[in-house]
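Here's the letter readout for the chains.
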Amino acid sequence: MCIRDSAIIENNDTITLYYLEGEEINITKENSIPIEIIGSDVQQTLDFKLDEDVLPTRLIIKYGNDDKRQKIKFLDSKLEYQGKEIVIKNGMFYQFFIPNEYIDFNQAEQIAISTKKNGDYNPIFFSRKILEDKIDYTLY
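Trainee: Just to check I follow, could you spell out the nonpolar core for this structure?
Mentor: For soluble globular proteins, nonpolar side chains are generally found buried alongside one another. If you look at the biggest cluster of nonpolar residues, it comprises 35 residues, and the most contacted ones within it are I15, L59, F97 and F125. Apart from residues lying up to four places away in sequence, L59 is in contact with I3, L17, Y18, Y19, L79, F97, F125, F126, S127, L131 and I135.

Trainee: Help me understand the pattern of salt bridges in this model?
Mentor: Side chains bearing opposite charge may pair, as long as their charged atoms lie close to each other. Scanning the entire structure with this criterion turns up four salt bridges. For R58, the salt bridge is made with E132, and the minimal N-O distance between the two is 2.9 Å. Taken together, the residues span a long stretch of sequence, with R58 in strand β5 (residues 58-62) and E132 in helix α2 (residues 129-139) at a distance of 74 residues. Judged by relative accessible area, R58 falls into the partly exposed class, the value being 30%. Measuring nitrogen to oxygen at the nearest pair gives 2.9 Å for the salt bridge that ties D133 to K129. Pair noted here: D133 and K129 are both in helix α2, with a separation of four residues, about one helical turn.

Trainee: Can you walk me through the packing of aromatic side chains in this structure?
Mentor: For any two aromatic rings, the description comes down to two numbers: the centre-to-centre distance and the angle of the planes. Under the definition given, this model contains eight aromatic pairs. Measuring from ring centre to ring centre gives 5.3 Å for F74 and F125, while their planes differ by 80 degrees; the resulting arrangement is edge-to-face. In this pair, F74 sits in strand β6 (residues 71-81) while F125 sits in strand β11 (residues 124-127), placing the two residues 51 residues apart along the sequence. Of the two residues, F74 and F125, neither departs from the other in class, the shared state being buried. Following the ring pairs from residue to residue traces out a cluster consisting of F74, F93, Y94, F97, F105 and F125.

Parameters and conventions
- Residues numbered from 1 in each chain as written.
- Predicted model: local features only at pLDDT ≥ 70, side-chain atom pairs only at ≥ 80, totals over all residues.
- Heavy atoms only, no water.
- Core = buried A, V, L, I, M, F, W, Y, C linked by side-chain atoms within 4.5 Å.
- Buried < 20%, exposed > 50% of the residue type's maximum accessible area, 1.4 Å probe, protein only.
- Contact = heavy atoms within 4.5 Å.
- Salt bridge = Lys/Arg side-chain N within 4 Å of Asp/Glu carboxyl O.
- Helix = DSSP H or I, 4+ residues; strand = E, 2+ residues; numbered from the N terminus.
- Phe/Tyr/Trp six-rings, centres within 6.5 Å; stacked < 30°, edge-to-face > 60°.

Function cannot be read off these values alone, since they describe shape.
And the structure:
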């Protein structure tokens, strides 16, 4: 499976895609793909390549740099598996991913701004049930 995201990422960061398979409930380093990002005001493509036979049941996007600040504008995404695909068009990211409390998300502009809360910083997006159902229906 390949997951390709297009985004504008303001600051240097490591963006990690975690995925769960089957009945898994805990994220692990073994089921993760980190990508080092150089911050820019130009669109970048993030290619997360999972093993060919892996079809996740849930996706988690985690980021967080040492400066504890980040601004990401999500453009579009595509999930590809064995000739089938799911496309998340520009402006639709929030319908498929929910941010945790460390992310202020502007739905109109599709911009995520990470924030510290009570001294903690751990920005994460979790796939929503609608995406998990779409993966199950479209790609299985």
